[in-house]
Amino acid sequence: MTQDTNALLASLIEGYNFPGESLDLGVALIDGKPEPAAPVRLPLKMLNRHGLVAGATGTGKTVTLHLMAEQLSQAGVPVFLADIKGDLSGLVQAGEGSEKLTARLAEMGKEFSPRANPVEFLSLGEGTHGTPVRASVDAFGPILLARVLELNETQEECLQLIFHYADSNKLPLDDLNDVKAVISFLVSEEGADALKGIGGVSAATASVILRGITIMQSQGLDQFFGQPEFDTADFLQVREGSGVVNVLELPSVNQQPLLFSTFLMWLLADLFEDLPEAGDLDKPKLVFFLDEAHLLFKDATKAFTDAIINTVRLIRSKGVGLFFITQSPADLPDEVLGQLGNRIQHAVRVFTAKDQSALKQIIKTFPANGVDLQEALTQAGVGEAVVTVLGENGAPTPVAWTKMSSPGSNIGPASAEAMEANLLASPLAARYATAVDRESARELLEAKAVPAPADAPRQEAPAESQRAEAPRERQAPAQPNPMMDMAMDAASMIGRELLRGMFGNRKRRRRW
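Residues numbered from 1 in each chain as written. Predicted model: local features only at pLDDT ≥ 70, side-chain atom pairs only at ≥ 80, totals over all residues. Heavy atoms only, no water.

> Sorry, what's going on with the overall build of the chain here?
Of the regular secondary structure elements, the chain holds 20 helices and 14 strands. Across the 512 residues of the chain, 52% fall into the buried class. Of the contacts formed within the chain by residues at least 6 apart in sequence, a portion of 77% connects residues at least 24 apart. (Helix = DSSP H or I, 4+ residues; strand = E, 2+ residues; numbered from the N terminus. Buried < 20%, exposed > 50% of the residue type's maximum accessible area, 1.4 Å probe, protein only. Contact = heavy atoms within 4.5 Å.)

> Can you walk me through the environment of Gln356 in this structure?
For Gln356, the position within the fold is in helix α14 (residues 353-364). Setting aside residues no more than four positions away along its own chain, Gln356 makes contact with Val350 and Gln374.

> Can you walk me through unusual backbone geometry in this structure?
Working note: non-glycine residues mostly have negative phi, and peptide bonds are mostly trans. Here the bond from Gln227 into Pro228 is cis, since omega is -5°, no more than 30 degrees from zero. As for its position among the elements, Pro228 is in the loop between α9 (203-218) and β7 (238-239). Its identity is not glycine, yet His50 carries a phi of approximately 70°, on the positive side. As for its placement among the helices and strands, His50 is situated in the loop between β2 (33-43) and β3 (51-54). The buried category is assigned to His50, whose relative accessible area is 1%. In this model, Lys170 sits at a positive phi of 50°, which is unusual for a non-glycine residue. In this fold, Lys170 is placed in the loop between α6 (153-168) and α7 (176-186).

> Is there a simple way to think about the packing of α6 against α9 in this case?
Helix-helix packing is characterised by the crossing angle of the two axes and by the distance between the axes. At a minimum axis distance of 10 Å, the contact between α6 and α9 shows a crossing angle of 85°. Our classification of the angle between α6 and α9 gives roughly perpendicular. Where α6 abuts α9, its residues Gln155, Cys158, Leu159 and Ile162 lie against Thr205, Val208 and Ile209. Classifying every residue of the contact of α6 with α9 gives five nonpolar, two polar and no charged. (Axes fitted to C-alpha atoms, helices over the stretch in contact; angles between N-to-C directions. Parallel < 35°, antiparallel > 145°, perpendicular 65-115°, else oblique. Nonpolar A, V, L, I, M, F, W, Y, C, P; charged D, E, K, R; others polar.)

Okay, here's the thing in structure tokens:
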């Protein structure tokens with residue numbers, strides 16, 4: 001080794017030497033060779049500082065997620081991740097060694113150790129291989145629903161008024177039919193006064209919202225909304241000392257990317273509103289991997305983007321670590337990137353001038369320590385990544401061109417038999433499997449529209465003695481009180497704030 005490479009090796013050994021529990025990501029590559037003396041780690045206590053896993057298609061991001069999820073489970077930390085390609089179900093099965101894998105690990109000073117992990121398979125709506133995850137429209141909230149319906153800011157504000165009316169009049173919005181019923185009522189003659197009371201919604205705007213909902217229903221996407229509503233507290237399971245890996249099946253994300261990415265954001269927002277403050281912990285309560293993260297910000301309204309930024313900024317205090325998964329860091333707003341202290345960057349493919357410009361921006365976000373970032377980011381092989389994380393003192397570690405380790409569970413899909421057996425044994429399946437159609441806004445408004453029968457019993461008149469005393473109980477009409485009106489308005493605003501979170505999602509009653 002030259003003097004420069006010796007200095008680089010020494011800085012990496014010192015920079016990643018953490019006394020506390022850590023994830024073992026791999027070993028540093030020095031002059032193109034793995035160096036077992038320089039393991040690359042990520043401290044558990046810094047995981048709630050959030051992170052980024054980025055890289056071009058086919059560079060190894062999925063196996064990196066697999067590796068991190070398995071080690072987190074082994075450390076007793078529950079995990080949530082979305083399985084877009086179906087490759088992460090293998091976490092439930094112990095892997096099998098091979099000559100190639102044994103040789104790869106031997107270069108890194110490691111041995112293959114098979115491991116099966118506790119896994120909960122989930123699916124949006126009526127999936128085939130997992131426990132259904134549903135949200136009531138009421139809990140999903142107007143901002144997220146507006147995102148799915150691709151409404152503009154004016155239409156989104158009108159949808160918020162509609163939700164406010166339903167909140168105020170105790171009309172539960174379980175599914176999309178409930179929203180349609182409330183809108184239809186408000187734009188009808190019978191609901192004219194109620195519509196004026198909330199500020200008014202134009203017929204044209206109502207038609208746009210109704211049309212969007214109808215299209216969703218025609219595509220079968222209404223199955224994601226309803227009862228029983230999934231409680232995100234069920235993500236925080238630990239079994240026999242191992243954190244449960246919650247794998248959400250998203251096989252058709254390319255068909256409805258906005259719905260799926262927004263639904264993932266609802267899960268995170270629900271956790272944020274429900275979890276108590278935790279401060280700095282030795283290890284997080286949950287690590288949440290947000291895949292296809294760039295879809296969240298595509299054509300997003302300012303209100304939606306601001307809510308994401310605030311959630312990322314504040315959820316760390318709830319003990320949740322958040323990792324954004326995307327092809328390029330340039331896909332994310334600077335306000336989000338600035339909060340992602342743990343960086344695992346797989347290879348960047350440079351084919352255009354725009355790609356070259358993006359590469360320069362990525363290089364600027366890494367600390368300089370002797371690694372040729374231009375070479376590392378463009379020449380990294382499959383299963384290699386450029387890594388820098390936050391050390392236990394909060395300072396960034398030196399950049400390490402890293403040969404990533406391999407998980408002990410099966411890389412690739414699990415067998416159908418293993419998944420079926422796992423689902424049958426799931427404690428969540430019995431709770432959420434069967435959809436429930438309870439009395440909600442649609443039924444309540446339909447009942448209100450039905451006139452009372454002609455022979456319905458009339459209310460009895462008060463007794464003579466009661467009528468005689470009535471004049472003495474009657475009070476003079478209350479005089480207008482501007483200060484009282486202002487106080488009532490303020491109380492109403494506070495009540496709405498307590499009821500709904502940053503995304504307009506309904507807050508739960510805490511179980512903690």
